[in-house]
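Architecture at a glance
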Amino acid sequence: MKTIILAVDREHPDESAIRQAGEILKNGGLVAFPTETVYGLGGDGLNAKSSEKIYAAKGRPSDNPLIIHIADLESLDRIVSHIPEKARMMAGEFWPGPLTMILKKSDAVPYETTGGLDSVAVRMPSHPVALSLIRLGGGYIAAPSANTSGRPSPTKAAHVEEDLTGRVDMILDGGEVGIGLESTIVDFTEEIPVILRPGYISQEMAEAVIGPVRMDRGLLITDEKVKPKAPGMKYRHYAPKAGLTIVEGSTEQVIKTINERSRILQAQGKQVGVIGTDETVGAYEAQVIKSIGTRQDEETIARHLFGLLREFDEEQVDHIFSESFDTPRMGQAIMNRLLKAAGHHLIHV
Ligand code: AMP
Ligand code: MG
């Protein structure tokens, strides 16, 4: 398959380019497109065949459901059987934006899109290119992140090209995304809403709108027997080719430990990489040292994480050490991804 790559302006997307992409979607094809969280791999969410194509293009297990993207609140009625009051309040506060809600599905949504579940994940993104594409592409775009299954989610079109060239009909290049981590997923099929995946919208932000919200136990416990409720959260994810160890503790102790361990590996002829911050990169002794951003601005840390993990795949390193980024607001979301990338290998010093 030949993949057409089109550059589109974020604020003023060229209508004819989006129209062309919309036609591909309406005809059952696949289009990768930018959202404010990460790039999505889109197909018509109400067309079972399109959803099957999405799983095939990503190499994604078909029990891992897709998120349906809509452009206005009226579109919600057709794909869900019931909208709880709390879900309405959350939509009012955070849509369009990085919030995905799990609701009971209607018959209009094929089981191929929901991985066989009776619930459906829905989000209204805020990115102008995404909104315009949804409107011109039939109104319901099923879109997981536009990466090969298991790789870090794409935060620029170049990442999508790496993974999906030849596997999708079109890639819309709208530049680098704003947030860089996937949406917060909240399940409204239970009495007390549950966060199935942490994201830019934190538990506190959600609770300020609808009262008590729980975190899925499967997210908090590393016990293999407690499965996360979002099927996708159980898969190994984001893992760089080299092994990754997170080191947590005071800045001084973390630097000391990473340098000691780097020296041991280097003495064995190994190449070592380090993920630090603008504040600390000068203090490391590894062969490849990269800054994820500054601790003064946690949003830059979130935005750079996936791109940095991909960059390390290009480097000839045998092992990577990373600082821990348990920052005030987005820390839960950042550490959820970083811990997965590290296969939960964390040392506390
Ligand atoms: P991605 O599209 O790559 O951001 O992944 C979508 C995430 O949403 C995966 O972790 C899915 O398991 C989760 N998800 C989608 N639909 C549902 C659903 N109906 N119930 C629970 N989790 C869902
Ligand atoms: Mg994904």
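As a starting point, this report considers the structure included with it. (Residues numbered from 1 in each chain as written. Chains lettered and ligands numbered in written order. Predicted model: local features only at pLDDT ≥ 70, side-chain atom pairs only at ≥ 80, totals over all residues. Heavy atoms only, no water.)

A look at the site of ligand 1
- As a structural note, the neighbourhood of ligand 1 is formed by 20 residues, with Asn 64, Ser 119, Pro 144, Arg 197 and Gly 232 the closest of them.
- A distance of 2.9 Å separates a nitrogen atom of ligand 1 from a polar side-chain atom of Ser 119.
- Take Ser 145: an N or O atom from its side chain is 3.0 Å from an oxygen atom of ligand 1.
- Considering ligand 1 on its own, with 500 Å² of exposed area, one finds that the protein chains cover 95% of that surface.
- It is strand E6 (residues 119–123) that contributes the most residues to the shell around ligand 1, three residues altogether.
- Taken together, the residues of the shell around ligand 1 break down into 14 nonpolar, four polar and two charged. (Near = heavy atom within 4 Å. Polar contact = N/O pair within 3.5 Å; in protein donor to acceptor, adjacent residues only side chain to side chain. Areas by Shrake-Rupley, 256 points an atom, 1.4 Å probe, with all protein chains shown as cover. Helix = DSSP H or I, 4+ residues; strand = E, 2+ residues; numbered from the N terminus. Nonpolar A, V, L, I, M, F, W, Y, C, P; charged D, E, K, R; others polar.)

Some remarks on empty space enclosed by the protein
- All told, the structure shown has one cavity of 30 Å³ or more when counted by the stated rule.
- Quantified by volume, the largest cavity comes out at close to 50 Å³.
- Every residue along the wall of the largest cavity is listed here: Thr 184, Ile 195, Pro 198, Gly 199, Ile 201, Ser 202, Gln 203, Arg 329, Gln 332 and Ala 333.
- Broken down by class, the residue content of the lining of the largest cavity amounts to four nonpolar, five polar and one charged. (1 Å grid on protein atoms, 1.4 Å probe; cavity = no way out; pocket = protein on both sides within 12 Å on 5 of 7 lines; lining within 4 Å. Points joined across faces, edges and corners; volume = space filled by probe spheres on them.)

A short note on the packing of helix H1 (residues 15–26) against helix H6 (residues 128–136)
- Following both chains from N to C, one finds H1 and H6 inclined at 50 degrees, their axes separated by 8 Å at the closest point. In this view, H1 runs oblique relative to H6, as classed from their interaxial angle. The crossing of H1 and H6 is right-handed. Contact residues: Glu 15, Ile 18, Arg 19, Ala 21, Gly 22, Glu 23, Leu 25 and Lys 26 in H1; Val 129, Ser 132, Leu 133 and Leu 136 in H6.
- Considering only residue class, the contact of H1 with H6 consists of six nonpolar, two polar and four charged. (Axes fitted to C-alpha atoms, helices over the stretch in contact; angles between N-to-C directions. Parallel < 35°, antiparallel > 145°, perpendicular 65-115°, else oblique. Left-handed = near helix turned anticlockwise from the far one by under 90°. Contact = heavy atoms within 4.5 Å.)

Describing the packing of aromatic side chains
- Per the counting criterion, the structure on display carries one aromatic pair.
- Seen from their ring centres, Tyr 238 and Phe 306 are 4.8 Å apart, and the 40 degrees between their planes marks the pair as tilted. Here Tyr 238, found in the loop between helix H9 (217–220) and strand E12 (243–248), pairs with Phe 306, found in helix H11 (residues 298–314); they are 68 residues apart in sequence, far enough to count as distant. Phe 306 shares its class with Tyr 238; the two are buried. (Phe/Tyr/Trp six-rings, centres within 6.5 Å; stacked < 30°, edge-to-face > 60°. Buried < 20%, exposed > 50% of the residue type's maximum accessible area, 1.4 Å probe, protein only.)

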